[in-house]
Amino acid sequence: MKVLLTGATGYIGSAVTDHLGAAGHQVVALVRGAEPQPGRGWYAQLVGDTADPASLAGAVTPDIEAVIHLAPPSGDAATDLAVIEALTAPLRGTGRPFVYTSGVWVLGATGEDQEVGEERPTDPIDIVGYRPRIERRVLAEAAEGVRAVVVRPGIVYGRGGGIPAILVDRARLQGVPEYYGEAGVRWPTVHVDDLAELFVAAVYFAEAGTVWHGVGESAVPVRELARAAGQVAGVTTAPHAVPAADAAAVFGPLFADALALDQSVSGAAARTALGWQPTRPGAVAELTSGSYAG
Ligand SMILES: NC(=O)c1ccc[n+]([C@@H]2O[C@H](COP(=O)([O-])OP(=O)(O)OC[C@H]3O[C@@H](n4cnc5c(N)ncnc54)[C@H](OP(=O)(O)O)[C@@H]3O)[C@@H](O)[C@H]2O)c1
């Protein structure tokens, strides 16, 4: 299958490229620069910028059998909706998959109760306030004959990257492991290779108009992640709770709020309905004895 992939140079996009390639698919990468990037495992490279929707006209050619859209939105509603229009219009009436990447932050704080599933109404935190509208716009394409699908990853880890790498860097820099928000804050997490397999499964099996949580572990205590990040950084002191104002000064108020968000999110539906099987080590194990060492 020939798959158009936006965000192909990124953290998740690199893993998705690997897993699509391993499954025998051809990745057509949509990237910002014209500079050739050999060695990435792509079949072809197209130039396009999601800040300029007009640059995407013609990206989805008739031989493209699926689109996975990973490039982040700009936050400008008109631009972001025009991007969805440009990427989905050529798929109308084909039944071909269009997989949009959102994130679990659109659910907001989930509370102490049971982990929440895809049926939970969105209540986004400010950093992703614009995202539910894009999700709705994507899902509306189901009525136009596009197999429109939304994947919401949890906090992605593995391959030494993602937000957990920030915890390691901060522990190294400050000489103490840090976490943000209340002591009981939990993050839903997913290994980047497990997540990449979910994107492949979604391309094959997800029905039009569906939403899937890409979550391997529903609620990992961030204090445990911080402790593990400290271990990687060679810092064995107990994790330190960073006050909100200090976190905002380091990360900006929106990202600081996101780091302090307490969530418990279920990824069970994708396991049951799409046959997704996350198999990689959990986030704490990956930090202490996996790709973050060294
Ligand atoms: N990482 C997580 O924990 C996580 C969790 C939930 C959801 N997500 C979502 O997943 C998506 C991918 O995340 P990531 O962690 O892989 O991010 P990333 O490593 O920052 O990669 C972003 C990718 O998007 C591309 N991109 C950025 N702006 C673009 C533009 N204007 N036009 C075209 N391409 C552009 C980048 O290309 P360049 O090489 O040109 O910069 C890069 O390939 C994002 O939408 C993110 O919000 C991530």
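Residues numbered from 1 in each chain as written. Predicted model: local features only at pLDDT ≥ 70, side-chain atom pairs only at ≥ 80, totals over all residues. Heavy atoms only, no water.

Enquirer: Provide a residue-level description of the sheet that holds strand β5 (residues 97–101), including the pertinent values.
Expert: The seven strands are arranged β3-β2-β1-β4-β5-β6-β10 in an open sheet whose pairing can be described as parallel. One side of each edge strand has no neighbouring strand; the edge strands of this open sheet are β3 (44–47) and β10 (210–214). Looking at each pair of strands side by side, their axes are set apart by 20° on average, direction ignored. Across the face of the sheet, helix α3 (residues 131–140) comes into contact with β5, β6 (147–153) and β10 while running at roughly 150° to β6. (Pairing = 2+ DSSP bridges. Helix = DSSP H or I, 4+ residues; strand = E, 2+ residues; numbered from the N terminus. Axes fitted to C-alpha atoms, helices over the stretch in contact; angles between N-to-C directions. Contact = heavy atoms within 4.5 Å.)

Enquirer: Tell me about the packing of aromatic side chains, and name the residues and values.
Expert: In total, this model carries four aromatic pairs according to the counting rule given. On the basis of an interplanar angle of 45° and a centroid distance of 5.6 Å, the ring pair of Tyr204 and Phe205 is categorised as tilted. Plain terms: the ring middles of Phe251 and Phe255 are 5.7 Å apart, the flat faces sit at 85° to each other, and that makes the pair edge-to-face. Comparing Phe251 with Phe255, the two get one shared label, buried. Ring pairs connect the aromatic residues Trp105, Tyr180, Phe251 and Phe255, which therefore count as one cluster. (Phe/Tyr/Trp six-rings, centres within 6.5 Å; stacked < 30°, edge-to-face > 60°. Buried < 20%, exposed > 50% of the residue type's maximum accessible area, 1.4 Å probe, protein only.)

Enquirer: Hey, could you go over the domain arrangement of the protein chain for me, with residue numbers and the actual values?
Expert: Many authors give the size of an interface as the accessible area that is lost as the parts come together. Looking at the assigned domains, one finds that the protein chain contains domain 1 (2–155 + 192–215 + 266–278) and domain 2 (157–187 + 219–259). Spacing between the C-alpha centres of domain 1 and domain 2 amounts to 27 Å. Facing the 14 residues of domain 1 at the interface are twelve residues of domain 2. A buried area of about 1100 Å², summed over both sides, lies between domain 1 and domain 2, and 58% of it is on carbon and sulfur atoms. The largest per-residue losses of area from domain 1 upon contact with domain 2 belong to Tyr11, Ile127 and Ile155, which jointly make up 51% of the total buried on that side. Between domain 1 and domain 2 we count two salt bridges in total. Here Asp18 ties to Arg159 by a salt bridge, and the two come within 2.8 Å at their closest N and O atoms. At the junction of domain 1 and domain 2, the tally comes to seven residue pairs in polar contact (both at pLDDT 80 or more). Elements with a contribution of two residues or more to the side of domain 1 that touches domain 2: α1 (11–22) and α5 (192–205). Here the element with the most residues in the side of domain 1 that touches domain 2 is α1; it accounts for five residues. The class makeup of the residues in the side of domain 1 that touches domain 2 is seven nonpolar, three polar and four charged. (Domains from an automatic or database assignment. Buried area = accessible area lost by both parts, 1.4 Å probe. Salt bridge = Lys/Arg side-chain N within 4 Å of Asp/Glu carboxyl O. Polar contact = N/O pair within 3.5 Å; in protein donor to acceptor, adjacent residues only side chain to side chain. Nonpolar A, V, L, I, M, F, W, Y, C, P; charged D, E, K, R; others polar.)

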